[in-house]
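Summary of structural features
Each chain, written out:
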Amino acid sequence: MTILGIDLGTTNSACGVWRDGAETLIPNSQGNFLTPSVVGVDGKTNILVGKTAANRLVTNPENNVAVFKRLMGTDHRVGLGKEKFTATELSSFVLRSLKNDAEAFLGEEISEAVISVPAYFNDNQRHATKLAGELAGLKVQRLINEPTAAAMAYGLHEKGEGIFVVLDMGGGTFDVSVIEYFDGVMEVHASAGDNFLGGEDFLEAMVVAFLDEHKIEREALSKQDMQRLYEVLEQAKRALSGPQPPCVEIELAENNISYEVSAGWFSRIVTPLLLRVRNPIEQAIRDADIQVTKIEEVLLVGGATRMAMFRNTVGRLFSRIPSSTLDPDLVVAMGAAVQAGLKEKDQSLDDIVLTDVCPYSLGTDIADAEDPTKIGFFLPLIERNTTVPTSHVETLYTVQDNQTAVQLGIYQGENRLVAKNVFLGAIDAKVPKNKAGRESVDVRFSYDMNGLLEVDVKVNSNGKTYKKVIEQSPGSLTGKELEKSHKRLAALKFHPREVEKNLELLSRGERLYLLHLGGTRTVIGKQLAAFENVLDRQNQREIDRAQQDFSMFLDQFDQEPLLP
Amino acid sequence: MTCWEVLELEATEDFRAIKRAYAKKLKITRPDDDSKAFEILHNAYKEALRCAEYGIADANNDDEPLEFGGNLDVVAEQLTEALVSFPEGPTQHQEPVTGVNPVEPIVISAQVSGELPEVQEEPTREPIDTSGPLDTVRNLLTSSMNVHKLELWRKLEQDDRWLDEDFRLACGRDILRLILDYQKLATEKKRRYRRLNKSVLAYLDQLGGWRLYFDDLLDEFDYEELEFLYELDGEQTSQQADGYGIKGGGNFQRRTKEAAQNSAMKTYNADLSSRGFAFGIDCVIALGLGVLVETLLGLDYTLEAAGNLTIVAYVLMTCSMELSRFQASLGKLITGCRVTDNGLQRARVYNVLMRGLVTGLILWFAWAVGLVVFDQYLFKAGGVWPLVISVGILLLYLPATGYKTLQDIFTNTLVVEERT
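Residues numbered from 1 in each chain as written. Chains lettered and ligands numbered in written order. Predicted model: local features only at pLDDT ≥ 70, side-chain atom pairs only at ≥ 80, totals over all residues. Heavy atoms only, no water.

1. Considering the overall build of chain A
For clarity, the threshold we go by: By the criteria applied, helices consist of DSSP H or I runs no shorter than four residues and strands consist of E runs no shorter than two, each listed in order from the N terminus. Radius of gyration here is computed from C-alpha atoms only, and the compact-globule reference equals 2.2 Å multiplied by the residue count raised to the power 0.38. When accessible area is computed with a 1.4 Å probe and restricted to protein chains, residues below 20% of their type maximum are described as buried, those above 50% as exposed, and intermediate ones as partly exposed. The contact criterion used throughout is that any non-hydrogen atoms of two residues lie within 4.5 Å. Working definition of accessibility: Shrake-Rupley area with a 1.4 Å probe, residue cover restricted to the visible protein chains. Positive charge is attributed to Lys and Arg, negative charge to Asp and Glu, and no charge count is given to His or to the chain ends. For this purpose, a charge sits on NZ of Lys, CZ of Arg, CG of Asp or CD of Glu.
Looking only at helices and strands, chain A features 13 helices and 28 strands. Expected size for 564 residues packed as a compact globule is a radius of gyration near 24 Å; at 26 Å, chain A falls within 12% of this value. With the principal axes as the frame, chain A shows a C-alpha extent of 85 × 55 × 50 Å. By the burial criterion, 63% of the 564 residues in chain A qualify as buried. Taking contacts inside chain A between residues at least 6 apart in sequence as the whole, the part at least 24 apart equals 67%. Total accessible area computed for chain A in this model is approximately 21,500 Å², and 48% of it derives from carbon and sulfur atoms. On chain A, the mean spot of the 60 positive side-chain charges and the mean spot of the 79 negative ones are 4 Å from each other.

As structure tokens, this is what we get:
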């Protein structure tokens, strides 16, 4: 049974499988390894994912949505056409599209997957990711932390031994993992991160500064204008690493704006973001309890680590040059494929074992022993960065005379007060009436490799036990709701693969038409119309040729250095 | 079993050997397959490493692992050294890496090496100018309106000198000095000053690297002064709005999970309307019971008898219901209230009985007054008026006492309801 390894990213997603002793990445219908994590609707029952939706995001922002990974683990809904979707549902479309690509590529049905998540994703977000897999018809065999996955790919390719620091900055999240590799063992020592720090935030900072400098009110711009601005600034951001300072040209609020984006401007704007890079690094190194001098190498993962500013900052912090010998956009998917191979118990991976940590502390709420009226203090049972699977027992005592029950909240986080941590669930246990402090319960937290938390409460005086498995985060779907959601999503269909290619070209043409001005725009418009005419004639041979020509024509206007 | 027995290894101080033994055992004790066995193995491994580190090859010596605080300082110190002193480029630590493709890094080295020399200036460096950020801090500290607003403090970070560790250390130290002075003033309860909230402190700690450079700061500040830093763990310093960063899409519909969670309802004092309704319902029921008893006993339909019977029925009914597991009379049950003691636990029998008694007395008093006052004028309106009056008295009394009635106060009980 083939298990699909998936990197479900904020901006781009990719997938791969373990085949013949090596990981194999899977191209999508357009022949790319990267599928943009953008979802759109077209008409009533058709759903678009990937490049086509990414193009249409510029021309038709109301009906396409990106960066929804930020909403994972919440119940917020985003409108798309006439319907509203949660981030989980939107992610399930991306997963379904990847699954279709894999099935077409491998020629077999796929029903199991390993999905990567940011190391610093909390329990709710992990459950949401799992649910997205289920909605896409994939049984999620394992959630693997992104930096761990990347380290695994590196471990297999470089065969180096020692302690590595993996810095993973993708579109939306920044993760740091300290990993040791020896004798085929990949041991994660510590992970830390920031769930709101990624390439998208750098872009947002640019947009804010740009609007500020040109005295344009954000509210005055239409959604389409905003998308165009995002698009041109994203291109500028990428070009910054190149030899020439990029120049932005855009028509906004009835003005033609031409603006040279200099490295100095960029550096001033993103300083606050770069400052935030330091904290997780410091925390991970502190938690791992290692010396900076013992670090063998600093590995960069994720598209945003291509930024020269980021590399400089990291280089100064570690006083060494970080390395990225594998493609930072694909390395997580490669690692997920390795994990899939491990899960399949592939013989070629018999010598590899991975141990990971839980990134947050898990615990329960207690009252102040001195003054029982003060409640809501956090008692961590599993400290952050403990190697999983693990379990820990703590004995708690009653605080009131004749107390009849003990109510334990289950929380995740680092704050001293539970109110500031993430609530995961609660468990009640009845205790016999007695004087305060005479009754006690043993609370055991067990955390397994899949991020499943089990809580047992044993009442010591009568030996009764209460058990709770935190499988479903509060507010997530019940069985019935799941079925309903399934039905609703199944009603939305993908276009056939051969049509997809045409749609992609058309959407790309429309996007470029919007982005360019003057003569270029006229030319693109003409070619677009010609291509549409060919499609209308429905002659397959003619269409094939026109596809090639049109694609080549568009290539000269499209500067997208990063997407292969 | 000692850790060495688990690892099947002679006690040793050779890290390599421990790791090798662990790796060998790990491949047959995979964490996916047998979590219990893995936990034992992993703990043994950690302990063996600890023993080796402190040169106690004898694991039976149940030494406590060293305290985290101590370790942290060591690491912080090393980190500091690495950050501040910048050894000559990326040299010695890189060498042991084998199989690293040497081509790629060269590209970046052009960028990094450009930066390195300027940081590597020698001790006779100019004093670092921190006046800009310090002015911002002073301004904020003198404005009692703004001093707790994190978003205003964030102005500090718009200065790329912060990326330089020397500047960070120097400026962080200067800011700390101001902050500690301010906190001292606030502790002395000067009227204008309120102690800074934790999110501001946590933010400044991140910016100025206070915890990172803890040891350096000790030469100027007392340990007690800096102790507050260890309470800042897990404090939020940046908060993004819901739906932040989403691109495209139509309307955004907010639905917080927290709201769903908190619908694990909270308990409040029952409000006016709930209690009023509950009382009304109970009275009607009690009146019905009273009339029923009157009929059964074949008594005359006099107003006094009906009223007294109603009150007795009311007290009996509410007491028995409130003592039951419902903790509420029928009326309270219907309006979602229940009776508890002041600690929100189930009230004791004595308290509930007292409560009934006091209620009965109040009602009887209201009833008697009502009879005297309205006897002549409103005789024909039946027993309704006195009841209305007594409800009125109770209800007027409620808001003034934080939703406590006389009987609540006398008998140390509460009537609560659960709301989201």
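On we go.
2. Structural notes on the pattern of salt bridges
Our working definition: Salt bridge, as used here, is a side-chain nitrogen of Lys or Arg placed within 4 Å of a carboxyl oxygen of Asp or Glu.
Inspection of the entire model under this criterion finds 40 salt bridges over all chains. Here D327 of chain A makes a salt bridge to R306 of chain A, at a shortest N to O gap of 3.3 Å. Of this pair, D327 of chain A sits in the loop between α8 (308-318) and α9 (331-343) while R306 of chain A is found in the loop between β17 (295-301) and α8, placing the two residues 21 residues apart along the sequence. The class of D327 of chain A is partly exposed, set by a relative accessible area of 32%. R306 of chain A gets classed as partly exposed once you look at its relative accessible area, which sits at 29%. A salt bridge links D33 of chain B to K345 of chain A, with the nearest nitrogen and oxygen atoms 3.2 Å apart. Here D33 of chain B, found in the loop between α2 (15-26) and α3 (35-53), pairs with K345 of chain A, found in the loop between α9 and β18 (353-358), and the two come from separate chains. Under the relative-accessibility criterion, K345 of chain A is labelled exposed at 52%.

3. Thoughts on the environment of D201 of chain A
Relative to the elements of secondary structure, D201 of chain A occurs in helix α5 (residues 199-213). Expressed as a C-alpha distance, the spacing of D201 of chain A and G172 of chain A, which sit 29 residues apart in the sequence, is 7.2 Å.

4. Considering unusual backbone geometry
The omega angle of the peptide bond from V388 of chain A to P389 of chain A is -5 degrees, so this bond is cis rather than trans. Mapped onto the secondary structure, P389 of chain A falls in the loop between β21 (386-388) and β22 (390-397). Even without being glycine, K345 of chain A reaches a positive phi, approximately 60 degrees. The backbone of E8 of chain B shows a phi angle near 55 degrees, a positive value even though the residue is not glycine. The residue E8 of chain B is located in the loop between α1 (3-7) and α2 in this model. Classification of E8 of chain B as exposed rests on a relative accessible area of 60%.

5. Structural notes on the sheet that holds strand β28 (residues 493-494) of chain A
Rules: Pairing between strands is defined by DSSP: at least two bridges between the two strands are required. Between N-to-C directions, angles cover 0 to 180 degrees, with each direction set by a line fitted to C-alpha atoms, over the stretch in contact for helices.
The strand order across the open sheet built from five strands is β28(A)-β6(A)-β5(A)-β7(A)-β1(B), with neighbouring strands paired in mixed fashion. Both outer strands of the open sheet, β28 of chain A together with β1 (247-248) of chain B, are each paired with one neighbouring strand and no more. Packing against the sheet, helix α1 (residues 51-59) of chain A makes contact with β5 (38-42), β6 (46-49) and β7 (64-66) of chain A together with β1 of chain B, and its axis sits at approximately 75 degrees to β5 of chain A.

6. Points about the packing of aromatic side chains
The line we're drawing: Classification of ring pairs rests on two measures: the distance between centres of Phe, Tyr or Trp rings, Trp counted by its six-membered ring, which must be within 6.5 Å, and the angle between planes, read as stacked under 30 degrees, edge-to-face over 60 and tilted in between. In our convention, an over-ring charge means Lys NZ or Arg CZ found within 6 Å of a ring centre and within 35 degrees of that ring's normal.
Tallied over the entire structure, the rule returns 15 aromatic pairs over all chains. Taken together, a centroid distance of 5.4 Å and an interplanar angle of 65 degrees make the contact between Y411 of chain A and F423 of chain A edge-to-face. Highlighted residues: Y411 of chain A in strand β23 (residues 405-412) and F423 of chain A in strand β24 (residues 422-430), separated in sequence by 12 residues. Since its relative accessible area comes to 12%, Y411 of chain A is described here as buried. The class for F423 of chain A is partly exposed, based on a relative accessible area of 21%. Centre to centre, the rings of W210 of chain B and F228 of chain B are 6.5 Å apart; their planes meet at 70 degrees, and the pair counts as edge-to-face. On the criterion of sequence distance, the pair formed by W210 of chain B in the loop between α9 (198-208) and α10 (214-217) and F228 of chain B in the loop between α11 (223-226) and β1 is long-range, its members being 18 residues apart. Ring pairing ties together the aromatic residues F182 of chain A together with Y22 and Y45 of chain B, which thus form one cluster. The residue whose ring lies beneath R521 of chain A is Y513 of chain A, and the NZ or CZ to ring-centre distance is 5.0 Å.

7. Notes on helix α11 (residues 497-515) of chain A
Note the cut-off: An expected span of 1.5 Å times one less than the residue number is assigned to each helix.
End to end, α11 of chain A covers 27 Å across 19 residues, agreeing with the expected 27 Å (1.5 Å per residue, within 8%). Those residues of α11 of chain A not exposed but buried are E500, N502, E504, L505, L506, S507, R508, G509, R511, L512, L514 and L515 of chain A.

8. Considerations on the confidence of the model for chain A
Low pLDDT marks stretches whose predicted atomic positions should not be read closely. The line we're drawing: The pLDDT score gives, residue by residue, the confidence of the prediction method on a 0 to 100 scale.
Mean pLDDT for chain A: 87, with 97% of residues reaching 70 or above. When pLDDT is averaged over each helix and strand of chain A, the minimum, 76, is found for helix α10 (residues 479-490) of chain A and the maximum, 96, for strand β1 (residues 3-8) of chain A.

9. Focus: the sheet that holds β22 of chain A
Working definition: the strands of a sheet are paired by backbone hydrogen bonds and lie parallel or antiparallel to each other. All names here are of chain A. Within the open sheet, the four strands sit side by side as β22-β25-β26-β27. Their pairing is antiparallel. Here the strands that pair on one side only, and so sit at the sheet edges, are β22 and β27 (465-470). In this sheet, neighbouring strand axes are inclined to one another by 15 degrees on average, regardless of whether the strands run parallel or antiparallel. Alignment of strand β26 (residues 453-459) against β27, held across six bridges, turns out to be antiparallel.

10. Thoughts on a nonpolar patch on the surface
Residues and elements named next belong to chain B. Test applied: Patch rule: a residue counts if its relative accessible area is over 30% and it has no salt bridge; like charges are joined within 9 Å, and nonpolar side chains (Val, Leu, Ile, Met, Phe, Trp, Tyr) within 5 Å.
On the surface, a nonpolar cluster with roughly 570 Å² of combined accessible area is contributed by L289, L292, V293, L296, L297 and L299. On the secondary structure map, L299 appears in the loop between α13 (272-297) and α14 (303-323). Taking relative accessible area as the criterion, L299 reaches 40% and is therefore assigned partly exposed.

11. Focus: the pairing of strand β8 (residues 77-80) of chain A
Neither face of β8 of chain A is left uncovered, since the one carrying R77 and G79 of chain A and the one carrying V78 and L80 of chain A both have all their residues buried. Where β8 of chain A lies against strand β2 (residues 252-253) of chain B, two bridges are found, and the strand directions are antiparallel. The partner of V78 of chain A across the bridge, within β2 of chain B, is F252 of chain B. One ladder, built from four bridges, connects β8 of chain A with strand β9 (residues 83-86) of chain A; its direction is antiparallel. Bridge pairing in β9 of chain A links G79 of chain A to K84 of chain A. In this antiparallel pair of consecutive strands, β8 of chain A and β9 of chain A, the connection spans two residues, and G81 of chain A shows a positive phi of 60 degrees.

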